[in-house]
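Per-entry structural report
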Amino acid sequence: MAAGSLKCFLGALKMEMTEMTSVSLKRGSLAVEDNDSVAPAEEAKRQKVSECCLTTGRAGLENASPPSGENVLGPPGAVSAGEGTENSDARLEEEEEEEEDGLSEEGDEEEEAESFADMMKHGLTELDVGITKFVSSHQGFSGILKERYSDFVVHEIGKDGRVSHLDDLSVPVDEEAPSEDMLTVLTAEEKQRLEELQLFKNKETSVAIEVIEDTKEKRTIIHQAIKSLFPGLETKTEDREGKKYIVAYHAAGRKALANPRKHSWPKSRGSYCHFVLYKENKDTMDAINVLSKYLRVKPNIFSYMGTKDKRAITVQEIAVLKITAQRLAHLNKCLMNFKLGNFSYQKNPLKLGELQGNQFTVVLRNITGTDAQVQQAMNSLKEIGFINYYGMQRFGTTAVPTYQVGRAILQNSWAEVMDLILKPRSGAEKGYLVKCREEWARTRDPAAALRKLPVRRCVEGQLLRGLSKYGMKNMVSAFGIIPRNNRLMYIHSYQSYVWNNMVSKRIEEYGLKPVPGDLVLRGATATYIEEEDVDNYSIHDVVMPLPGFDVIYPKHKISEAYREMLTADNLDIDNMRHKIRDYSLSGAYRKVVIRPQNVSWEVVAYDDPKIPLFNTDVDNLEGKPPPVFASEGKYRALKMDFALPPSTYATMAIREVLKMDTSIKNQTQLNTAWLR
């Protein structure tokens, strides 16, 4: 595989809730990432894009958001608690996505690509995390999910079932919105000075802007622009040495800044501007950070229903507080790989987890399967579905899986937690991380190890800062410096590890039919299937618990398997409450088999591996004709469309179609061997 293809594997290290990367899908392996749409529980903590990769990789959901009726639901107590409650699992499916802050590193991909194959020699395979079964009997085949992120497109499905599309770039008519002239009349330097004045960032009491082309109309536009773009500032015109200046100053002191946007926002207009965001090769938080930077606002005024990750084209709805559609539309002229449209003013923001799921369009290029094989595989996906395993991204990509750290937390083995995160490990890492780990192993001096890190928002840096502050005798507080939902990621990874293993045992023991003692959901409550009711259910109704204090377990052999697995890990299945309540596991329920909705597919022939095989929303806006395919070509591609509910992995659906191991380790070994 080309070096560029190895680069795309690096994306898997940087994305948890992720998207499909482009990789060669040879027989016996598959390496793809998911694109998730997760719903974090603490939005503010996700507002900063992290600068350092998580020691143990990123564990992530593809389509994750808070549990929906179609997927995971626990008992009432298992789905309501937030921070500061005994239930760290409530909103588990949301919090898993908050693994963004402090988990990724933007580094030199060329440098990383050189050592990536070596790194993955020590990575995980599907067998390591309990992914062993398939539901279908068809023969698998090979394909390539190209390096082209445009081969993987995600459209968000809102709570009303509407699929988000970017199909209208017009701005709502609003006489009170700033005009185009108001947005462009000020230079970047003038805007910077005015922002510093507005936010009291310097000692200036006013900012004077010379009117170069002095006309009354020009002066009026400058006055309006300053007042509109920098609420809280007043303006006046002054003559200085024969030149006209517009002078901006604070009218009401610092109190004017308490809620600056209220000064100029019409009462008749909804407080939130909703818009559709189309983005290419950017994750949602990256995108929001870029938008907030250009708009000179804080990221936390944006809201969304779920996150979408980097290596994909994604379309989703965003809401922002008191920013006009005109200002947002202006960004279309400034930004690459973004388009904003379908603007409307609404009274309310968006809420995390309100989405129904995502619609995926995925292209597998250069497939080897016959038309009959493809037909059988896709019919199975449509009619039966796939095992709802947690995908490989959930467990990290290095020699220390995230579930091992989670297990140590649950065991209250804090020295082991520190060691697992900070110790040197097999495989390649960034040079500064290697030096940091070596320093830690040699000196056990957190301050000395921290000095080896040029960026410190990563988990290693956060933990070392905690140890420097609280000392080695207070490791719990030191670990607590890491953002809450990143800490919970570890224990949720352990729950996922248990769930995968137990589901494989359940299918091994009882196959794909419901049996007495299985669990199903009635509303939010799990109940047992009784002997006389078996024929009333299918495998699509069966759920399995993630271990916790507020779930029940099946009434058959798998119940004992849960107990044996946790006992082997020195955990008490009857007491999943932790003395630190953040780490008390309430548990949740997750469907065993998921059947995608709106499944369609076609096999197309093509000659040029670089041509796009379908139109995006932007292509359609620009009037580009859809691609025309010949009846025969050098290559064949499988184009798939399907919808998934929250908290499911597209990689697991692709795995079922191709019958391949999704681990990056397996894929990398095959491709590096092929390179030789």
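Residues numbered from 1 in each chain as written. Predicted model: local features only at pLDDT ≥ 70, side-chain atom pairs only at ≥ 80, totals over all residues. Heavy atoms only, no water.

The protein chain is annotated in an unreviewed UniProt entry as Pseudouridylate synthase 7 homolog of Equus asinus. Comment text from UniProt for the protein chain, heading Subunit (unreviewed entry), reads "Interacts with SIRT1." UniProt, in the comment section headed Subcellular location (unreviewed entry), describes the protein chain in these words: "Nucleus". (UniProt positions renumbered as here; feature names shortened; annotations may be inferred.)

1. Observations concerning the packing of aromatic side chains
Applying the stated criterion across every chain yields a total of 14 aromatic pairs. Between Tyr 403 and Tyr 497 the ring centres are 3.8 Å apart and the planes differ by 5 degrees, which places this aromatic pair in the stacked class. Residue Tyr 403 is found in helix H10 (residues 402–410), and its partner Tyr 497 is found in helix H16 (residues 484–510); the two are separated by 94 residues along the sequence. In this pair, the class of Tyr 403 matches that of Tyr 497, namely buried. Ring geometry for Trp 414 against Tyr 583: centres 5.8 Å apart, planes inclined by 45 degrees, an arrangement best described as tilted. (Phe/Tyr/Trp six-rings, centres within 6.5 Å; stacked < 30°, edge-to-face > 60°. Helix = DSSP H or I, 4+ residues; strand = E, 2+ residues; numbered from the N terminus. Buried < 20%, exposed > 50% of the residue type's maximum accessible area, 1.4 Å probe, protein only.)

2. Some details on the pattern of salt bridges
A full pass over the atoms with the stated rule returns 23 salt bridges. Of the charged contacts in the structure, one is a salt bridge between Arg 365 and Asp 151, with a shortest N-O distance of 2.7 Å. In this pair, Arg 365 is assigned in the loop between strand E11 (357–364) and helix H9 (371–383) and Asp 151 in the loop between strand E2 (143–145) and strand E3 (152–157), connecting sequence segments 214 residues apart. Look at Asp 151 and you get buried, because its relative accessible area is 1%. (Salt bridge = Lys/Arg side-chain N within 4 Å of Asp/Glu carboxyl O.)

3. Some details on the pairing of strand E19 (residues 635–644)
In terms of burial, E19 is largely enclosed, as 8 of its 10 residues are buried. With 7 bridges connecting them, E11 and E19 associate as antiparallel partners. Each residue of the ladder has a partner; that of Leu 364, found in E19, is Leu 638. Here strand E18 (residues 597–606) pairs with E19 via 8 bridges, running antiparallel. If you follow Gln 597 over to E19, its bridge partner there is Ala 643. (Pairing = 2+ DSSP bridges.)

4. Considering unusual backbone geometry
With phi around 55 degrees, Glu 241 is a residue other than glycine that occupies positive phi space. On the basis of relative accessible area, Glu 241 is assigned to the exposed category, the value being 83%.

5. Let's talk about the packing of helix H12 (residues 431–443) against helix H14 (residues 459–470)
Following both chains from N to C, one finds H12 and H14 inclined at 30 degrees, their axes separated by 12 Å at the closest point. When the interaxial angle is binned, H12 and H14 end up roughly parallel. Our pair here, H12 against H14, has a crossing hand that is left-handed. Taking contact as the criterion, the partners of Leu 433, Cys 436, Arg 437 and Trp 440 in H12 are, on H14, Glu 460, Leu 464 and Leu 467. (Axes fitted to C-alpha atoms, helices over the stretch in contact; angles between N-to-C directions. Parallel < 35°, antiparallel > 145°, perpendicular 65-115°, else oblique. Left-handed = near helix turned anticlockwise from the far one by under 90°. Contact = heavy atoms within 4.5 Å.)

6. Quick word on the sheet that holds strand E6 (residues 243–250)
Taken in spatial order, the 3 strands of this open sheet run E4-E6-E5, and their pairing is antiparallel. With partners counted over all chains shown, the strands left at the sheet margins are strand E4 (206–210) and strand E5 (233–240), one partner each. Within the sheet, the average angular offset between the axes of one strand and its neighbour, ignoring direction, is 25 degrees. Summarising the sheet, E4 and E6 pair through 5 bridges and their orientation is antiparallel. Counterpart to Ser 206 in the pairing with E6 is Tyr 249. Packed on one face of the sheet, helix H5 (residues 188–198) meets E4, E5 and E6 and runs near 160 degrees to E4. Contacting E4, E5 and E6, helix H6 (residues 216–229) runs over the sheet at an angle of about 150 degrees to E5.

7. Thoughts on helix H11 (residues 414–422)
Trp 414, Val 417, Met 418, Leu 420, Ile 421 and Leu 422 are the residues of H11 that are buried. Those residues of H11 that are buried lie in contact with H10, H12, H14, helix H15 (475–479) and H16.

8. Re the environment of Leu 277
Mapped onto the fold, Leu 277 is located in strand E7 (residues 272–280). Those residues within four positions of Leu 277 in sequence are excluded, and the remaining contacts are Ala 287, Thr 314, Val 315, Gln 316, Ile 318, Phe 338, Lys 339 and Leu 340.

9. Side note on the packing of H10 against H16
Helix-helix packing is described using two parameters, namely the angle between the two axes and the distance between the axes. The interhelical angle for the contact between H10 and H16, taken along N-to-C directions, is 105 degrees, at an axis separation of 7 Å. One finds that H10 runs roughly perpendicular with respect to H16. Between H10, through Thr 402, Tyr 403, Val 405, Gly 406, Arg 407, Ile 409 and Leu 410, and H16, the contact on the second element is made entirely by Arg 487, Met 489, Tyr 490, Ile 491, Ser 493, Tyr 494 and Tyr 497. Residues that form the contact of H10 with H16 fall into these classes: 9 nonpolar, 3 polar and 2 charged. (Nonpolar A, V, L, I, M, F, W, Y, C, P; charged D, E, K, R; others polar.)

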